[in-house]
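What follows is the residue order along each chain.
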Amino acid sequence: MSKKAELLSLRKEILNDEFSFLNPPQREAVFSNDGPLLILAGAGSGKTTTVISKIGYLIRYGNAYNSQEIDFTDDDGEFLKECLANKKMRDGERYFRLMSPSPVDAYNILAITFTNKAAGEMRERLEKQYGIDSGKLWALTFHSFCVRILRRFCDRLGYNRNFTIYDDTDSHRVIESLIKKYRLTERYNAKTVARIISTAKSRNTSADEYSGENDIEKIYRDYQAELKAANAFDFDDLIFMTVRLLSLDEDVKSIVNNRFRYILVDEYQDTNPIQERLISLLAPSGRICVVGDDDQSIYRFMGAQVENILNFEKRFRNAKTVRLEQNYRSTQTILDAANAVIKNNEDRKGKNLWTDAGEGEKISVCHLQSQSEEGDFICRAITERKEKEGLRNNDFCVLYRTNAQSGAIEHALRLHGISYRVFGGLPFFKRKEVQDILAYMNVICNPNDRTRLLRIINEPKRGIGDTTIEKINSICDKTGRSFFDITAHADSYAELQRSAEKLKDFAGIINELTEKSERMRPSELCSEIISSIHYEYELKKQYETNEAISRIENVRELINSIAGYEEAEENPTLLGYLEQTALVSATDSLDENEPAVTLMTMHCAKGLEFNTVFITGFEEGLFPSSISLLETGGVEEERRLCYVAITRAKKKLFITNVASRMIFGSARPAIPSRFLKEIPEELIEETETRRPERPAQRRTKPLSERPLLTNSVTVMPGSKAPTKKYRTGQRVRHKVFGDGVITGVTEMSSDSMLEVEFETVGKKKLMANYANLKEIL
DNA sequence: TAGAGAACGATTTTT
DNA sequence: TCGTTCTCTA
């Protein structure tokens, strides 16, 4: 063996040792960087660890494992041998000269995920384990990556860089008004049209290129024109426009390609065609690594194409595939069940999960009579396992197919006094009162944002109705002036005589706030908005006490949320905050340590794990859903969902179904899900059997048991569950308002309202649960 | 223009 | 059943 070959092989040995905490396929995935790489990562197979290690390897060692390049002198062999024997030697200039001929700069790596949570975790782990600066290495979601590109280059598409982002509620509003404008309400609803437009964009089809029904073509074009005029992008546009930019503007493309030399994409099975297109444009070099699991593709209804992962090797030439099949999460029993179920699908790459963790407990399947029994059973099982296994509430998760199922389970948990939190439902940032205030903030940033302007022009009620708005719209069309401009000068238009005063008042409020926004922190501006429109007073007027309290809490929580943003961000701006809120989701806020049982849909649970998992409503028509039975490939998609649900469990899985389920108010008989038969009998123990048939009872919940507001128990970002006891005279510290003394405590339904006299900002009212006050001396 | 009552329609939702 | 949107009337 030549000297060089010897050194290269020593180098490999050292690298294998450096990454010996990984299993062989994981290491192969880390070391393979010569061309496109597909990592097929089964549930719980250490996917994130592998990706993090890969990035760490690239930055520390470049592609050294497969590189022939080595700069050595005579006695380097001895040195490497010492390094192999002694970990402490692996540092310093000489070591890296031999071990890392061409390291990759963090600046040249781009890691893309779907959720903020995943991106955040990645940034955190890179920072912690490899000291990688998250300002240098972009680990972002598809959408936030595109926002960054667009903020820099969107002027080339004719947009202004302070654009706002429309969520689907905003899109709906625009589409709805267009449907009304063309008098098509009989034929279309906004939801369907929004879906069609979204699908078109996800297929890289612009409004001009789109061909379909005339009316839809018209609406799509107008919708796009409206967004452009409002200087806004919808979610699909963020990606669609970035793709346009990269494919049409060579200059931008080369800037972007020059920066990002290595691309990593997580959850590749969930990409849609336009995202795949984006990835191709980003990785012309072929230095791309995608990670995913075709068996966990559960977002087809959102446009995801499993084909992207199935055809990866065709799409990217010379691609290599590595399978991660060793599972570090679950027992063999749980994995056997998951494998057995997913085996019934045809369109898949094929994988078989295994573990050396041992067989574990059997899967408990329980047939129950009604939903209330189902809930009751879950509570008893939780209590029993808490006692026997020493588990805590946060070790448990209850999964269901539809959000509507949560009610009965919540009811049971309340009766048993088990604390819980529900994910999904209406997320915090989608709530009406929160959206209203955010709309004010959006308008202040971007007065062209007509959709938000329309939302707040009569919110709270100012006596500005549809007729007035119609009139302003037609003046817009005639004069070409902006909606806000006309509102502000309403008295110059004869047709607006009657409402001119009200319109000018409104414009005055906005102008004043806009002016203030220049010298106020976003959180201050937010409370300024709330007080200048007397919003809390309006809420009290509009809703009954409990609901008004809850909505006021939400509005105040919004201020807290902004304050939190200001604290976390080096350079907080209003626009930055709005961008963040536009791109957050419910599960982003999951705090694993909070002592509560988790309730969520199976979709929401992807990527999470719990000691004990309950899969409820295992019934035909519900799971698989009756609608899925009609769609081609629908059952396969549901089966993948089942696979995802089963593999969330680490130690113990419960599956429940009922004989009679309330659907839309009436009790309907249910039969066990077909997926149950796909789980081998020897993995199952049936712990409870159905009682003899008896007529379904009508239950009307007493008022006191009903939740005050739907989702009132949903844990919101930043909030902390346990209510601390506060008393007057106590000194406290608030992260924005500073130090103060409690001057009043008013107990409310589930929280208490505190009056605090702050040293610097004076008297404030805060909700105890959300204010996050620290006790001080 | 606002509010009350009728009619409708209803999986899943990373951003 | 329940929550949102539509339509009518004061």
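Structure: see above.
Notes on the structure in this doc start here. (Residues numbered from 1 in each chain as written. Chains lettered and ligands numbered in written order. Predicted model: local features only at pLDDT ≥ 70, side-chain atom pairs only at ≥ 80, totals over all residues. Heavy atoms only, no water.)

### Points about the overall build of chain A
Argument step 1. A tally of regular secondary structure across chain A gives 31 helices and 22 strands.
Argument step 2. With the C-alpha coordinates aligned to their principal axes, the bounding extent of chain A is approximately 95 × 75 × 70 Å.
Argument step 3. The buried share of chain A, taken over its 777 residues, is 54%.
Argument step 4. Across chain A, the fraction of contacts at a sequence separation of at least 24, relative to all contacts at a separation of at least 6, is 74%.
Argument step 5. As displayed, chain A offers around 35100 Å² of accessible surface, 48% of which is attributable to carbon and sulfur atoms.
Argument step 6. In chain A, 112 side chains carry a positive charge and 117 a negative one; their mean positions are 1 Å apart. (Helix = DSSP H or I, 4+ residues; strand = E, 2+ residues; numbered from the N terminus. Buried < 20%, exposed > 50% of the residue type's maximum accessible area, 1.4 Å probe, protein only. Contact = heavy atoms within 4.5 Å. Areas by Shrake-Rupley, 256 points an atom, 1.4 Å probe, with all protein chains shown as cover. Lys, Arg positive; Asp, Glu negative; His and termini not counted. Charge placed at Lys NZ, Arg CZ, Asp CG, Glu CD.)

### Things to note about unusual backbone geometry
Argument step 1. Of note, the amide linkage connecting Glu459 to Pro460 takes the cis form, showing an omega dihedral of -5 degrees.
Argument step 2. Relative to the helices and strands, Pro460 resides in the loop between α20 (450-456) and α21 (466-479).
Argument step 3. Cis geometry is adopted by the peptide bond preceding Pro624, which originates at Phe623 and carries an omega value of 5 degrees.
Argument step 4. Within the secondary structure, Pro624 is located in the loop between β13 (610-615) and α28 (626-630).
Argument step 5. The phi angle at Asn204 is positive, at roughly 65 degrees, despite the residue not being glycine.
Argument step 6. For Asn204, the position within the fold is in the loop between α9 (190-202) and α10 (214-229).
Argument step 7. Positive phi outside glycine occurs at His534, with the angle close to 50 degrees.
Argument step 8. Take His534: it is sitting in the loop between α24 (522-532) and α25 (535-542).
Argument step 9. We classify His534 as exposed; its relative accessible area is 52%.

### So, the pattern of salt bridges
Argument step 1. Within the structure shown, the criterion is met by 59 salt bridges.
Argument step 2. Between Arg156 and Asp249 there is a salt bridge; the shortest N-O distance is 3.2 Å. One end of the pair, Arg156, is in the loop between α7 (142-153) and β4 (164-166); the other, Asp249, is in the loop between α11 (235-248) and α12 (250-259), and 93 residues separate them in sequence.
Argument step 3. For Arg156, a relative accessible area of 40% corresponds to the partly exposed category.
Argument step 4. Sharing partners across several salt bridges, the network here consists of Lys47, Asp266, Glu267, Asp270 and Lys606. (Salt bridge = Lys/Arg side-chain N within 4 Å of Asp/Glu carboxyl O.)

### Overview of the packing of helix α8 (residues 168-181) against α9
Argument step 1. At their nearest, the axes of α8 and α9 sit 9 Å apart, and the two run at 115 degrees to each other. Here α8 lies roughly perpendicular to α9, going by the angle between them. The crossing of α8 and α9 is right-handed. Along its contact with α8, which presents His172, Ile175, Glu176 and Ile179, the element α9 presents Ala190, Lys191, Val193, Ala194 and Ile197.
Argument step 2. Classifying every residue of the contact of α8 with α9 gives six nonpolar, one polar and two charged. (Axes fitted to C-alpha atoms, helices over the stretch in contact; angles between N-to-C directions. Parallel < 35°, antiparallel > 145°, perpendicular 65-115°, else oblique. Left-handed = near helix turned anticlockwise from the far one by under 90°. Nonpolar A, V, L, I, M, F, W, Y, C, P; charged D, E, K, R; others polar.)

### Remarks on the sheet that holds strand β6 (residues 262-265)
Argument step 1. Across the sheet, six strands lie side by side as β3-β2-β6-β7-β1-β8; this open sheet has parallel pairing. Two strands bound the open sheet, and with one partner strand each, they are β3 (138-141) and β8 (320-324). Looking at each pair of strands side by side, their axes are set apart by 15 degrees on average, direction ignored.
Argument step 2. In terms of strand pairing, strand β2 (residues 109-113) meets β6 through four bridges, oriented parallel. (Pairing = 2+ DSSP bridges.)

### Looking at the nonpolar core
As a rule of thumb, nonpolar side chains are buried together in soluble globular proteins.
Argument step 1. Formed by 50 residues in total, the largest nonpolar core has its most connected members in Ile437, Met441, Ile529 and Leu558.
Argument step 2. With nine residues, helix α19 (residues 432-445) is the largest single contributor of residues to this core.
Argument step 3. Every residue in contact with Ile437, bar those within four places of it in the chain, is listed here: Cys526, Ile529, Ile530, Ile533, Tyr535, Val555 and Leu558.
Argument step 4. Counting 45 residues, the second-largest nonpolar core is a separate cluster that includes Ile112, Phe142, Leu238 and Met241. (Core = buried A, V, L, I, M, F, W, Y, C linked by side-chain atoms within 4.5 Å.)

### So, the packing of α25 against helix α26 (residues 545-568)
Argument step 1. Running from N to C, α25 and α26 point in directions that differ by 155 degrees, and their axes come no closer than 9 Å. Classified by the angle their axes make, α25 and α26 are roughly antiparallel. As α25 runs across α26, the sense of the crossing is right-handed. Contacts from Tyr535, Glu536, Leu539 and Lys540 of α25 reach α26 at Ala548, Arg551, Ile552, Val555 and Arg556.
Argument step 2. Looking at side-chain class alone, the contact of α25 with α26 contains five nonpolar, no polar and four charged residues.

### Concerning α19
Argument step 1. Between its first and last C-alpha atoms α19 spans 20 Å; for 14 residues at 1.5 Å apiece the expected length is 20 Å, and the two agree.
Argument step 2. The element α19 is largely enclosed, with a buried count of 13 among its 14 residues. (Expected span 1.5 Å × (residues − 1).)

### Re the packing of aromatic side chains
Argument step 1. In total, this model carries 26 aromatic pairs according to the counting rule given.
Argument step 2. Both rings, one in Tyr57 and one in Tyr61, keep their centres 6.3 Å apart while their planes meet at 35 degrees; by these two values the pair is tilted. Pair noted here: Tyr57 and Tyr61 are both in helix α3 (residues 47-61), with a separation of four residues, about one helical turn. The burial state of Tyr57 is the same as that of Tyr61; both residues are buried.
Argument step 3. Counting every residue linked through ring pairs, the aromatic cluster contains Phe19, Phe21, Phe31, Tyr57, Tyr61, Tyr65, Tyr95 and Phe96.
Argument step 4. The ring centre of Phe163 lies 4.0 Å from the NZ or CZ of Arg151, which sits over that ring.
Argument step 5. Just above the ring of Tyr182 sits the side chain of Lys218; from NZ or CZ to the centre is 4.4 Å. (Phe/Tyr/Trp six-rings, centres within 6.5 Å; stacked < 30°, edge-to-face > 60°. Lys NZ or Arg CZ within 6 Å of the ring centre and 35° of its normal.)

The values are spatial; any link to function lies outside them.
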